[in-house]
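An overview of the molecular structure
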Amino acid sequence: MCSGQHSCHEEQHEQILCPQCDLVVSVPELAQGTKATCPRCHTLLTARWRQPFYQPVALAISALFMLLMACQFTFVSMEVAGITNNITLMQIPTVMFSENYVELGAFFLLFVQVVPAFCMIAILLLCTPIKLPRKLQIWLSRILFQLKSWCMAEIFLAGILVSFVKLMAYGDIGLGLSFLPYVLYCLLQIRAFQCLDRHTLWEKLESRPAYPKIESGKTGLKQGVRLCRSCTAILPADQYECSRCEVKGYARKPHSLQWTLSFLITSLILYIPANLLPIMVTESLGNNLYSTIMAGVILLWEDGSYPVAMVIFIASIMVPSLKMVAIGWLCWDAHKAKGKRDPARMHFLYEVVEYVGRWSMIDVFVIAVLASLVRMGRLMSIYPDFGVVLFALVVVLTMFSAMMFDPRLTWDKCTADDDKPMIKEPKGD
């Protein structure tokens, strides 16, 4: 094919600026059921679902219905020496608040109940033909994808399964009528997010503004353009406010490394007492047993619950520790590394850090379930202790630290893409 024909063909493609490595990618019109990924960092750029709006709506409606069902009946029950205690989903934060464990109750209420339900409602409002004021549409679209990382319903479900293993040593555990609807709710809300494409949603709300002529296969920064990280519009690098979503931004996150390190250092300071102080108190026949995170892992291991002990050890000990090391390494690489570098490897490390960090909340949710369910008076009761609040703050701060890091800094020193266009055909789902 001659260069003139190739140029004409290129102009028919939509150009998308990769949010992770800043590469301008030319994407052809996608067939149904296909997606386009960045050829350099393999980040998903856009996908064309067979029903790009009806599918998320159907999943969101189903998820909300299942959540409503899950809140109506008993969730789990426990019987010890003839004494039975039942809890519903709504009783878990209620017990926390009534016992003055406000912080733990707030974490549970926000991350497990309020945020996921709000996101499903936002999907309904944005993907249906409901007429909303433009400012409300913009606000919902901006906040929806920002809250995605804070939806932790599936992490709570994993915490429930872990708590069952701990509780089976003390009594009989029963599943209530709400348990299956809640499992379905977790699966449906995850799938609803998977089927909602940010790029397609914003194009439905409003066409993206015209942008300067740019060349595919080169970075946006070198061509004087930047990405709006909210609505994916391509803007001049010196344009402070996006004309489509009204979000203010820069070509690179200002003071990204400073903010990342400040959150990282704060989380490191809190991580030490979070591991030394008790996270849980077990009262049995008048005797109090104080448990730290590591003590809980050792107890599970001695009881023969090796898989669960490994899950807690990895999620609560290894993941936070390695995440702090990895974030520090990413900051050093972006600021100091010179010569031979492997940005692809560092970018993979960043993606792993961003994904796994939230799973450290599993131990926090385990404590919330145990403290709500095991309330048998002096026979046996479990209470959260101050260490679990510190640990939850460590998880939140490390999540903020990863969010403040700009992954494009990893690629800025890489010059291998200066003259080579890098176009990749879309892959089928």
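Rules behind the numbers
Residues numbered from 1 in each chain as written. Predicted model: local features only at pLDDT ≥ 70, side-chain atom pairs only at ≥ 80, totals over all residues. Heavy atoms only, no water. Pairing = 2+ DSSP bridges. Helix = DSSP H or I, 4+ residues; strand = E, 2+ residues; numbered from the N terminus. Axes fitted to C-alpha atoms, helices over the stretch in contact; angles between N-to-C directions. Contact = heavy atoms within 4.5 Å. Phe/Tyr/Trp six-rings, centres within 6.5 Å; stacked < 30°, edge-to-face > 60°. Buried < 20%, exposed > 50% of the residue type's maximum accessible area, 1.4 Å probe, protein only. Salt bridge = Lys/Arg side-chain N within 4 Å of Asp/Glu carboxyl O.

On to the sheet that holds strand β6 (residues 83-87). Taking strand neighbours across the sheet as the criterion, the 3 strands line up as β6-β5-β7 in an open arrangement whose pairing is antiparallel. A strand with exactly one partner marks an edge of an open sheet, and here the two such strands are β6 and β7 (172-175). With strand direction ignored, the average angle separating the axes of adjacent strands in the sheet is 20 degrees. Pairing analysis gives 5 bridges linking strand β5 (residues 76-80) to β6, with the strands arranged antiparallel. Bridge pairing in β6 links V80 to I83. Relative to the sheet, helix α13 (residues 362-373) contacts β5 and β6, its axis offset from that of β6 by approximately 130 degrees.

Take the packing of aromatic side chains next. Following the criterion strictly, the structure yields 17 aromatic pairs and no others. Ring centres 5.9 Å apart and planes at 25 degrees place the aromatic pair F107 and F111 in the stacked group. Of the two residues, F107 and F111 both sit in helix α4 (residues 102-127), 4 residues apart, roughly one turn of that helix. Grouping residues by exposure puts F107 and F111 together as buried. An aromatic cluster is present here, built from F75, F108, F156, F164, F179, Y182, Y185 and F365 joined pairwise through their rings.

Attention now goes to the pattern of salt bridges. All chains considered together, the criterion is met by 11 salt bridges. In this structure, K135 engages E246 in a salt bridge whose closest nitrogen and oxygen atoms are separated by 3.8 Å. Highlighted residues: K135 in helix α5 (residues 134-146) and E246 in the loop between β9 (234-236) and α9 (256-276), separated in sequence by 111 residues. For the salt bridge of E154 with R358, the shortest nitrogen-to-oxygen distance reads 3.1 Å. Of this pair, E154 sits in helix α6 (residues 153-167) while R358 sits in the loop between α12 (343-356) and α13, placing them 204 residues apart in sequence. Of the two residues examined, E154 and R358, each falls in the buried class. When salt bridges with common partners are traced through the structure, they connect R134, K135, E206 and E246 into a single cluster.

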